[in-house]
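Single-letter residue listing:
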Amino acid sequence: MDRLDAMKVFIAALDAGSLAGASRTTGRSAAAVSRAVAFLEAHVGVPLLHRTTRSIKLSEAGERYALACRKILADMDEADRQAAGERSVPRGTLMITSTVFSGVEILRPIVDAFMDEYPTVSVRMHMLERPVNLIDEGMDLALRITHLADSTLVAHHVGEVRRVVVASPRYLATHPRIVEPADLAKHRIITLAHSGLDSWSFPPLEGTSVPRSVSFTPRLVINSVQASVASAVEGHGVTRLLSYHVSREVGQGLLDIVLADAEPAPLPVNLVSPYGRLSVPKVRAFVDFALPRLRAHFAGLAKPVKTHAKLPIPSRRGRMSAE
């Protein structure tokens, strides 16, 4: 059996989630799919998949092998297109990755419009809450909301976002005031499982160099941005998210931002690709199509948003004063 052909079947099984799914997508019999995977396992000398009656799961060696297979197959496809003289025509499958929220709310509408404009290009979106090695995992592009350290990537700056603390007006009206980060210790905290599980850090006060850290025992730990936003909107506590996560709710008055004067420096947003990928027509076409739309989106998010007004407090003489 041809090893490259077996790799294609192996990757098809992973993408489909089962050997039966690979049989449907490749048009091969279930027995042929099983033989292809067994051929690769015999070649490398270790199991690549753990099989059940309904699904498959990569072994530790299989995870590494799958990454290598994706890269090899992507390089072969690109070599075929170059040899066929198709470099000037955007075509093929574009691999894009992002977090779940930014993929659903920001990239997905742009991808849909792009595919309408370029019917010869298909897109696979991988929305993952983990770091992705673009080269090893065969990705063409990624939307990254972080400071970049990888010099092998080409970055196109599209905007920036802030890390904000929010709660509903109803919650804020019935709980202790939040004037400084330490006040959060008195509140019901909703936190994301992968970000600030039991403490949040804030920039140091002027004249000091020690960041302010607030420890807490969260009332709700959740692994979904949308669920965290919904819980805060319904008045169940205070949460900390990125400004683009809550821009709609803040604009509609469903959430207020607190501690705006204690926010960390904004995070840059970039559309990134591995070095050299911009020469591929499908990648270049998407970058040219997406950049103005992404920049317009994040420019809209940079507009001032509603913050929670500080209520007047009694002065020592009994009069009301504003803080």
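This write-up is about the structure you can find in this document. (Residues numbered from 1 in each chain as written. Predicted model: local features only at pLDDT ≥ 70, side-chain atom pairs only at ≥ 80, totals over all residues. Heavy atoms only, no water.)

Turning our attention to the overall build of the protein. Across its full length, the protein holds nine helices and 16 strands. Considering the protein as a whole, with its 323 residues, one finds that 41% of them fall into the buried category. Residue pairs in contact within the protein that sit at least 24 positions apart in sequence constitute 71% of those at least 6 positions apart. In the form shown here, the protein has an accessible surface area of approximately 17100 Å², with 53% of it arising from carbon and sulfur atoms. (Helix = DSSP H or I, 4+ residues; strand = E, 2+ residues; numbered from the N terminus. Buried < 20%, exposed > 50% of the residue type's maximum accessible area, 1.4 Å probe, protein only. Contact = heavy atoms within 4.5 Å. Areas by Shrake-Rupley, 256 points an atom, 1.4 Å probe, with all protein chains shown as cover.)

A few words on the sheet that holds strand 5 (residues 141-145). As summarised here, the arrangement of the five strands in space is 4-3-5-14-6, forming an open sheet in which the pairing is mixed. Two strands close off the open sheet at either side, each with one partner strand: strand 4 (121-127) and strand 6 (153-161). On average, each strand axis in the sheet is inclined to that of its neighbour by 20°, with strand direction left out of account. The sheet contact formed by strand 3 (residues 92-98) and strand 5 spans two bridges and is parallel. Of the residues in strand 5, the one forming a bridge with T97 is A142. (Pairing = 2+ DSSP bridges. Axes fitted to C-alpha atoms, helices over the stretch in contact; angles between N-to-C directions.)

Looking at where S228 falls in the secondary structure, it is placed in helix 7 (residues 225-233). Residue class for S228 comes out buried when judged on its relative accessible area of 0%. Setting aside chain neighbours within four positions, we find S228 in contact with I190, L192, I222, T239 and L241.

Moving on: a nonpolar patch on the surface. Residues V100, V104 and M127 make up a contiguous nonpolar surface patch of about 190 Å² in total accessible area. Along the chain, M127 turns up in strand 4. (Patch = residues over 30% accessible without salt bridge, like charges linked within 9 Å, V, L, I, M, F, W, Y side chains within 5 Å. Salt bridge = Lys/Arg side-chain N within 4 Å of Asp/Glu carboxyl O.)

Right, let's talk about the packing of helix 5 (residues 100-117) against helix 9 (residues 281-301) for a bit. The geometry of helix 5 relative to helix 9 is characterised by a closest axis approach of 10 Å and an angle of 135° between their N-to-C directions. In terms of axis orientation, helix 5 runs oblique to helix 9. Crossing hand, helix 5 versus helix 9: right-handed. Residue-level contacts link I106, L107, I110, V111, A113, F114 and E117 of helix 5 to K282, A285, F286, F289, A290, R293, L294, H297 and F298 of helix 9. The residue makeup of the contact of helix 5 with helix 9, split by class, is 12 nonpolar, one polar and three charged. (Parallel < 35°, antiparallel > 145°, perpendicular 65-115°, else oblique. Left-handed = near helix turned anticlockwise from the far one by under 90°. Nonpolar A, V, L, I, M, F, W, Y, C, P; charged D, E, K, R; others polar.)

Moving on: the nonpolar core. L94, F286 and L294 are the most contacted members of the largest nonpolar core, which totals 45 residues. The element contributing the most residues to this core is helix 9, with 10 residues. Each residue touching F286, except ones within four places of it in the same chain, is listed here: L94, I96, L107, I110, V111, F114 and L141. One finds A6, I11, A22 and L40 within the second-largest nonpolar core, a separate group that totals 21 residues. (Core = buried A, V, L, I, M, F, W, Y, C linked by side-chain atoms within 4.5 Å.)

Let us now look at the sheet that holds strand 7 (residues 163-167). What the five strands build is an open sheet, ordered 11-8-12-7-13; its pairing is mixed. At either margin of the open sheet sits one strand with a lone partner, and together these are strand 11 (220-222) and strand 13 (256-258). Neighbour-to-neighbour, the strand axes of the sheet open up by a mean angle of 35°, direction not taken into account. Direction of pairing for strand 8 (residues 189-192) relative to strand 11: parallel, over a ladder of three bridges. Its bridge partner lying in strand 11, L192 is registered against I222.

As a further point, take the environment of E78. For E78, the location among the structural elements is in helix 4 (residues 60-83). E78 sits 14 residues away from G92 along the chain, and the two C-alpha atoms are 9.1 Å apart.

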